[in-house]
Amino acid sequence: MPDGAFALARSRVEWIERISPTFARVTFAGPELHDIGGPGPVLDQRIKIVFPPPGGAVPRLPEDDDWWSAWLAVPEEERGSMRTYSIRSLEVGPTATRIVVDFVRHLAAGATGPASLWAEAAAPGDEVLLIGPRRGRPDAGGVEFDPGDAGTVLLAGDETAAPAIARILEDAGPGLRGAAFIEVPHAADALDVEAPAGVDVHWLPRDGAEHGAALIPAVLAHLGSDADAGAREPEGEELVWETPAFPAGDGAAVGAIDVLPADDPLDTGYVWIAGESGVVTTLRRRLVTDLGLPRRRVAFMGYWRRGVAMRA
Ligand SMILES: Cc1cc2nc3c(=O)[nH]c(=O)nc-3n(C[C@H](O)[C@H](O)[C@H](O)COP(=O)(O)OP(=O)(O)OC[C@H]3O[C@@H](n4cnc5c(N)ncnc54)[C@H](O)[C@@H]3O)c2cc1C
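In this text the structure is predicted, and so the values were computed from the model without any measurement. Starting afresh in each chain, residues are numbered from 1 along the sequence in its written order. Side-chain atom pairs in this predicted model are given and counted only at pLDDT of 80 or more, local residue features only at pLDDT of at least 70, and totals for whole chains, interfaces and linings cover all residues. Neither water nor hydrogens contribute to the side-chain values; these are computed over all heavy atoms in the structure.

Engineer: I'd like a rundown of the overall build of the protein chain, residues and numbers included.
Structural biologist: Only DSSP runs of H or I covering at least 4 residues are called helices, and only runs of E covering at least 2 are called strands; the numbering of each starts at the N terminus. The secondary structure content of the protein chain amounts to seven helices and 13 strands. Expressed as a percentage of its 312 residues, the buried residues of the protein chain come to 48%. Note on contacts: a residue pair is in contact if any heavy atoms of the two residues lie within 4.5 Å. Taking the contacts inside the protein chain whose residues are at least 6 apart along the sequence as the reference set, 73% of them involve residues at least 24 apart. Total accessible area on the protein chain stands at roughly 14100 Å², and carbon and sulfur atoms take up 53% of it. Throughout this description, buried means an accessible area under 20% of the type-specific maximum (1.4 Å probe, protein chains only), exposed means over 50%, and partly exposed covers the range between. Here the accessible surface of atoms and residues is derived via Shrake-Rupley with a 1.4 Å probe, and residues count as covered only by protein chains that are part of the display.

Engineer: So, the pairing of strand 12 (residues 270-276): which residues are in play, and what are the values?
Structural biologist: The element strand 12 is extensively covered by neighbouring structure, given that seven of its seven residues are classed as buried. When strand 8 (residues 153-157) meets strand 12, the two strands line up parallel, connected through five bridges. Residue pairing for strand 12: Leu154 is matched across the bridge by Val271. Think of it this way: DSSP has to see at least two bridges between two strands before they count as a pair. As judged from the six bridges shared by strand 12 and strand 13 (residues 298-304), these two strands associate in the parallel manner. Along strand 13, the bridge assignment pairs Trp272 with Ala299.

Engineer: Tell me what's going on with a negative patch on the surface, and back it up with residues and numbers.
Structural biologist: Together, Asp3, Asp64, Asp65 and Asp66 give the surface a local cluster of negative charge. Examined against the element boundaries, Asp64 turns out to sit in the loop between strand 3 (46-51) and helix 1 (67-73). Overall, the relative accessible area of 32% leaves Asp64 in the partly exposed class. Like-charged residues are merged into a patch within 9 Å and nonpolar side chains (Val, Leu, Ile, Met, Phe, Trp, Tyr) within 5 Å, provided each residue has over 30% relative accessible area and no salt bridge. When a carboxyl oxygen of Asp or Glu lies within 4 Å of a side-chain nitrogen of Lys or Arg, that pair is called a salt bridge. Neither His nor the chain termini are counted; the positive set is Lys and Arg, and the negative set is Asp and Glu. By convention, the point assigned to a charge is CZ for Arg, NZ for Lys, CD for Glu and CG for Asp.

Engineer: Break down the pairing of strand 13 for me, with residues and values.
Structural biologist: With five of its seven residues buried, strand 13 lies for the most part within the structure. Two strands pair when backbone bridges link them, and strand 11 (residues 241-242) and strand 13 are joined in this way by two bridges, in the antiparallel orientation. Counted as the bridge partner of Trp241 is Met301 from strand 13. The handedness rule is simple: strands pointing away from the viewer, and a clockwise path from the first strand over the helix to the second, make the crossover right-handed. Tracing the backbone out of strand 12, into helix 7 (residues 277-290) and back to the parallel element strand 13 gives a crossover that is right-handed.

Engineer: Pulling in residues and values, what's your account of the environment of Thr281?
Structural biologist: Looking at where Thr281 falls in the secondary structure, it is placed in helix 7. The exposure class of Thr281 is buried, given its relative accessible area of 15%. Through-space distance from the C-alpha of Thr281 to that of Val240 is 6.6 Å; in sequence the pair is 41 residues apart.

Engineer: Can you lay out the packing of aromatic side chains for me, pointing to particular residues and giving the numbers?
Structural biologist: Pairing of aromatic side chains requires ring centres within 6.5 Å, counting the rings of Phe and Tyr and the six-membered ring of Trp. Pairs whose planes differ by under 30 degrees are stacked, by over 60 edge-to-face, and all others tilted. Following the criterion strictly, the structure yields twelve aromatic pairs and no others. Ring centres of Tyr85 and Phe103 lie 4.6 Å apart, and the angle between their planes is 45 degrees; on these two criteria the pair is classed as tilted. On the criterion of sequence distance, the pair formed by Tyr85 in strand 4 (residues 81-86) and Phe103 in strand 6 (residues 97-104) is long-range, its members being 18 residues apart. When sorted by exposure, Tyr85 lands in the same class as Phe103, which is buried. Each ring, one from Phe145 and one from Tyr270, has its centre 5.6 Å from the other, and the planes form 80 degrees; the classification is edge-to-face. In this pair, Phe145 is assigned in the loop between strand 7 (127-133) and strand 8 and Tyr270 in strand 12, connecting sequence segments 125 residues apart. Side by side, Phe145 and Tyr270 carry an identical accessibility label, which is buried. To sit over a ring, a charge needs its Lys NZ or Arg CZ within 6 Å of the ring centre and within 35 degrees of the ring normal. Directly above the ring of Trp71 sits Arg79, whose terminal nitrogen or CZ lies 5.5 Å from the centroid.

Function cannot be read off these values alone, since they describe shape.
Listed below in structure tokens is the structure:
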């Protein structure tokens, strides 16, 4: 029996539904899915999905924690593509486990990629490989939402973060208080979310404006700042990833937290922001540098980068 922290589950599309102009909801099923699931609520649990190469099959990988190197060792033309997604829902039943993923349909020429194209063409029976925490194992990680004892939360993101925000709101418990701001391409992309009564959920249609045009001013206004959003941060290849567990995006899991200030001058509680990396970086600058939010209270996560294809 494999006993690595991660489970690799070959899964088939059971059902696909275009639930709004932007989102395709895919339900994956298959016996191996029963092996996936962290020790606690799903929240913003991330998983990897390996999509088959055009006309080919999903590669076979050894069931151990070296799946990343094993995947890279597969010849490029057989490897397919690996991307990161959130679990919109994990349904564990007595006879079957299903994982639902909401795919953003970004299909414009020059701004699309293998994952989005796969979702657009997907049909029941199509196979992918899902990689996630082995059921009950805490050591695979992949959940960042961690408000600690914060009294309120601020969740903000674009359409790629909408599934994670929705899951957090549905998992965090009825006592959660705060606000969520979700920027989406169109008003019709506002989806049903069962949020706790104490959380105000704001869907912000972008209506053709650039990413961040609606989100940045809304977040700043929520924090009581009348500062101009200012210029977007310069483009780069890397995704910003700065959370209390990974300060300054350097992967250091411990140590730095202790030297960060413990007070919260704006009494903002806990802040979780994800989406296009330039937008997230702009918000990080405004919130941490200009408004003085303590870093131990914020998670800034680039989920994708304008003009950059992800490697995984
Ligand atoms: C932790 C985490 C969780 C995520 N959860 C989800 C999720 O639940 N649902 C989801 O849809 N995405 C999610 N994403 C984002 C997703 O991984 C990226 O959007 C990824 O780039 C999609 O792969 P692709 O093959 O379609 O495009 P890529 O090959 O990676 O990129 C090709 C081109 O498409 C552009 N592009 C990529 N994404 C978008 C977009 N959303 N809108 C416009 N242009 C884009 C790139 O800038 C590039 O120019 C998540 C990312 C992370 C890190």
